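Spelled out, the chains give:
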Amino acid sequence: MIYGFLLLLLACFFQGSFGLGMKKYQPFSWEAFWTIFSLVGILIIPVVWTWIEVPNFFSYIRQTSSDVLWTASFCGFLWGISSIMFGKAIDSIGVSLTYGVNMGISASLGSLIPLFIFGNRHHENLLRFQ
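Residues numbered from 1 in each chain as written. Predicted model: local features only at pLDDT ≥ 70, side-chain atom pairs only at ≥ 80, totals over all residues. Heavy atoms only, no water.

Some remarks on the overall build of the chain
Short version of the rule: Each helix is a run of DSSP H or I of at least 4 residues and each strand a run of E of at least 2, with the numbering of both proceeding from the N terminus. Type-normalised accessible area, obtained with a 1.4 Å probe on protein chains alone, sets the label of each residue: buried when under 20%, exposed when over 50%, and partly exposed for intermediate values. Pairs of residues are marked as contacts when any of their non-hydrogen atoms sit within 4.5 Å.
Helix and strand content of the chain: six helices and zero strands. Along the chain, helices (α) and strands (β) appear in the sequence α-α-α-α-α-α when read from the amino end. Considering the chain as a whole, with its 130 residues, one finds that 9% of them fall into the buried category. Nonlocal contacts in the chain, meaning residues at least 24 apart in sequence, comprise 61% of its contacts between residues at least 6 apart.

Structure follows, in C-alpha cells:
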C-alpha cells in the first residue's frame, strides 16, 4: 500500500508540473517541445514501465483480436489530437485556465456519456449484487 501511495504522489507531482516548461521552451519551437514530450511521455516511458511490470506483455497484445486493437488505436488517435489541442491551449491561455476547463468538461462528460449510453443498466446491476 505504501508503494502505491508513493507512486500516486510521484504521479501527482509529474501531472501537476507537466505544463511548467510549455511557456518557456526557448530555444525550441512548440512543435519540438511537443515531439520530445510525445516520444518520451507517450511512447518510451509507458512501454518501458509495462515491460518492467508485466512479464511478456507483447504476448497479451498478440492474443488480442484485431477489432479491439483497431478500436483502441482509433481512440488513441483521437486522444492524440486532443492532446495537441490541449498543448496549444496551454500555450495560448495558460496552464490554470486550460486545466480547469479541461477537468470540468472531462468530469461532466465522463459522468453523462456513460449515463446516456448505458442508462439504468449499471444501477440495475448494483441492485442485483446487494
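Moving on, there is more to tell.
Side note on helix α4 (residues 66-93)
Put simply, the test is: Here the expected span of a helix is defined as 1.5 Å times the quantity of residues minus one.
The end-to-end C-alpha separation of α4 is 40 Å, in line with the 40 Å expected for 28 residues at 1.5 Å each. Directly beyond the C-terminal end of α4, a positive phi value near 105° is found at Gly94.

Concerning the side chain of Thr98
Looking at where Thr98 falls in the secondary structure, it is placed in helix α5 (residues 95-118). With relative accessibility at 5%, the residue Thr98 sits in the buried group. Filtering out sequence-adjacent residues up to four positions away, Thr98 remains in contact with Phe86, Ala89, Ile90 and Ile93.

A word on the packing of α4 against α5
Just so we agree on the cut-off: Each axis is a line fitted through C-alpha atoms, and for a helix only the stretch in contact is used; angles between axes span 0 to 180 degrees, taken between their N-to-C directions. Throughout, the term roughly parallel applies to angles under 35 degrees, roughly antiparallel to angles over 145, roughly perpendicular to angles from 65 to 115, and oblique to all others. Note on residue categories: nonpolar means Ala, Val, Leu, Ile, Met, Phe, Trp, Tyr, Cys or Pro, charged means Asp, Glu, Lys or Arg, and polar means any other residue, Gly included.
Where α4 contacts α5, the two axes come as close as 7 Å, and the packing angle between them is 140°. If you check the angle between α4 and α5, you find them oblique. Counting all contacts with α4, which are made through Phe86, Ala89, Ile90 and Ile93, the residues of α5 involved are Val95, Leu97, Thr98, Tyr99 and Asn102. Residue classes in the contact of α4 with α5 are distributed as seven nonpolar, two polar and no charged.

Considering unusual backbone geometry
Not every positive phi belongs to a glycine, and Asn56 is a case in point at roughly 55°. Position of Asn56 among the secondary structure elements: in the loop between α2 (30-53) and α3 (57-63).

Thoughts on the confidence of the model for the chain
One rule of thumb: low pLDDT means the predicted coordinates there are not for detailed reading. Stated formally: Known as pLDDT, the predictor's per-residue confidence is scaled from 0 to 100.
Looking at the chain as a whole, the pLDDT averages 81, with 83% of positions reaching at least 70. The lowest-confidence element of the chain is helix α6 (residues 121-129), averaging 56 in pLDDT; the highest-confidence one is α3, averaging 89.

Some points on the environment of Gly41
Summarising the element assignment, Gly41 is placed in helix α2. You can call Gly41 partly exposed: its relative accessible area is 35%. Filtering out sequence-adjacent residues up to four positions away, Gly41 remains in contact with Ile36 and Pro46.

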